[in-house]
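What follows is the residue order along each chain.
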Amino acid sequence: MAISLSAYQVADLCLGKPPLRSLSSSCTVAAALAALKSADDTFISVWSCDHKRNLDCDCVCVGKVCMVDIICYLCKKENTSSPALALNKPLSVLLSDVNDGVRHVDPSASLLEAIDLMIQGAQNLVVPIRSSISRRKQLQRSLTTIHNAQEFCWLTQEDVLRFLLSSIGLFSPIAPLPIETLGIINTEFLSVEYNSPASSAIAAISRSLADQTSVAVVDDEGSLIGEISPLTLACCDETAAAAILTLSAGDLMAYIDCGGPTEDMVRVVEEKLKEKKLKGMLKEIMAGTTSSQDVSNSSSSDEELSSPTTTLYRRTSSHSGRMARRAEAVVCHRGSSLVAVMIQAITRRVNYVWVMEDDCSVVGIVTFANMLDVFREHLESLI
């Protein structure tokens, strides 16, 4: 079995994957915000190159960004007073916490090499797509998707787990075992109390994004109420920063949930912004982003564009198309089998599953990285 799996290369798992959307690290945060709103992908890759000056420059992917990076960035104390100025900073200001999660990999690298990199902490592998691109064709296409005369794609932990699931019968000794027996339940996890200010969870949200996990929202007794998921928050827009700065953790779950906030919740955010003397925050955010994107309704009056009521939780059509996630947590029990937990996570498109007791208290969390570690250890024992 180990021999048959080791024969697979990274390129085999990348067949049919779309090319990356990308930006230069020298772009502004506002440019990244506009690109995210117009893209179907949650993440956009960031590269250290400048094709505008040199078409043949050597390019390296230095990270990835999503809406959550921008939202947490706008929530920083130094940015709340002038978000428009913060949005005009270089995109590199968002990369400090994400660089280690991206690695370049040759298409001929083995599946086992890819698994090892992911166990070591790589969240995304950047893989060249095996197709030649002529210089003429390169000039005709968007320069933001082509680097070193090649297109690239992501290979994620989910991609590898989906592949292993297709061969799960080969892992029959471990697949049906309870996750508790396998020792893959992390008892240390990120959490925030339901009635705590959502702003107290900003650092945890950033950490969960980097770890591809989530922040548990618990009551006073430690029971799981829900979660603040970066995957859900990534489907919001930049005005969610105002909600994080004004709402409780419990209210934030409702705010970012599928469908968007109610009018009453929007009014609450507006009032609390006034109390915190941040009334002009939303207006400044809009001022910093309007120049970087097409305004969908050019006939809107100045009053409409500057009103927090009309701009909170604004989405483009592409952005709203991704609003399919809810703040509900995906859960299992200690006795759940590895394959069952694996299927739960893959089906719900998350990289983790919460482990709970019958009284709803949180035991811990199981991640894709934990699962990969078990599969890799099993493969090692067969070599």
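Placed above this text is the structure.
A few points on the structure. Here the structure is a predicted model, which is why all the values come from computation and not from measurement. (Residues numbered from 1 in each chain as written. Predicted model: local features only at pLDDT ≥ 70, side-chain atom pairs only at ≥ 80, totals over all residues. Heavy atoms only, no water.)

**Here's the deal with the side chain of Ser196**
Now for step 1: Position of Ser196 relative to the elements: it lies in the loop between β8 (191–193) and α11 (202–211).
Now for step 2: Using a relative accessible area of 17% as the deciding quantity, one classes Ser196 as buried. (Helix = DSSP H or I, 4+ residues; strand = E, 2+ residues; numbered from the N terminus. Buried < 20%, exposed > 50% of the residue type's maximum accessible area, 1.4 Å probe, protein only.)

**Some points on the packing of aromatic side chains**
Two numbers describe a pair of aromatic rings. These are the distance of the centres and the angle of the planes.
Now for step 1: Under the definition given, this model contains five aromatic pairs.
Now for step 2: Centroid distance Tyr8 to Phe163: 4.8 Å. Interplanar angle 70 degrees. Geometry classified as edge-to-face. Pair noted here: Tyr8 is in the loop between α1 (2–6) and α2 (10–13) and Phe163 is in helix α9 (residues 157–166), with a separation of 155 residues, a long-range link.
Now for step 3: What makes Phe163 buried here is its relative accessible area of 17%.
Now for step 4: Summarising the aromatic geometry, the rings of Phe171 and Phe375 are spaced 4.6 Å apart at their centres and angled 75 degrees between planes, so their arrangement reads as edge-to-face. With a gap of 204 residues between them, Phe171 in the loop between α9 and α10 (179–182) and Phe375 in helix α21 (residues 368–382) connect regions that are remote in the sequence.
Now for step 5: A relative accessible area of 0% means that Phe375 is categorised as buried.
Now for step 6: A cation over an aromatic ring shows up here: Lys64 above the ring of Phe43, its NZ or CZ 4.4 Å from the ring centre. (Phe/Tyr/Trp six-rings, centres within 6.5 Å; stacked < 30°, edge-to-face > 60°. Lys NZ or Arg CZ within 6 Å of the ring centre and 35° of its normal.)

**Some remarks on the side chain of Asn370**
Now for step 1: Tracing the chain through its elements places Asn370 in helix α21.
Now for step 2: With residues up to four places along the chain from it excluded, the contact list for Asn370 reads Ile184, Asn186 and Ile365. (Contact = heavy atoms within 4.5 Å.)

**A closer look at the environment of Lys17**
Now for step 1: Mapping Lys17 onto the fold places it in the loop between α2 and β1 (22–24).
Now for step 2: Lys17 sits 112 residues away from Ile129 along the chain, and the two C-alpha atoms are 8.6 Å apart.
Now for step 3: Among residues more than four places away in sequence, those in contact with Lys17 are Ile129, Cys153, Trp154, Leu155 and Asp159.
Now for step 4: Of the polar contacts made by the side chain of Lys17, one reaches the backbone oxygen of Trp154; its length is 3.4 Å. (Polar contact = N/O pair within 3.5 Å; in protein donor to acceptor, adjacent residues only side chain to side chain.)

**Regarding the sheet that holds β1**
Now for step 1: The three strands are arranged β1-β2-β3 in an open sheet whose pairing can be described as mixed. One side of each edge strand has no neighbouring strand; the edge strands of this open sheet are β1 and β3 (61–65). The average undirected angle you get between the axes of adjacent strands in this sheet is 30 degrees.
Now for step 2: Strand direction decides the pairing type here: strand β2 (residues 44–47) and β3, joined by four bridges, are antiparallel. (Pairing = 2+ DSSP bridges. Axes fitted to C-alpha atoms, helices over the stretch in contact; angles between N-to-C directions.)

**A look at the sheet that holds β8**
Now for step 1: Spatially, three strands are ordered β8-β9-β10 in an open sheet, and the strand pairing comes out mixed. With partners counted over all chains shown, the strands left at the sheet margins are β8 and β10 (224–228), one partner each. Recorded for the sheet is a direction-independent mean angle of 30 degrees between the axes of neighbouring strands.
Now for step 2: In terms of strand pairing, β8 meets strand β9 (residues 215–218) through three bridges, oriented parallel. Each residue of the ladder has a partner; that of Glu193, found in β9, is Val218.
Now for step 3: Sheet strands in contact with helix α14 (residues 249–256) are β8, β9 and β10, and its direction is about 60 degrees off that of β10.

**A word on the pattern of salt bridges**
Now for step 1: If you walk through the whole model with that rule in mind, you get 11 salt bridges.
Now for step 2: Glu271 serves as the salt-bridge partner of Lys274, at 3.7 Å between the closest nitrogen and oxygen. Residue Lys274 and its partner Glu271 are both found in helix α15 (residues 263–275); the two are separated by three residues, about one turn of the helix.
Now for step 3: When its relative accessible area of 42% is taken as the criterion, Lys274 is described as partly exposed.
Now for step 4: The exposure class assigned to Glu271 is partly exposed, which follows from its relative accessible area of 42%.
Now for step 5: Here the residues in one salt-bridge network are Asp116, Arg376 and Glu380, joined through shared partners. (Salt bridge = Lys/Arg side-chain N within 4 Å of Asp/Glu carboxyl O.)

Fair warning: the whole summary comes from geometry, so function is off the table for now.
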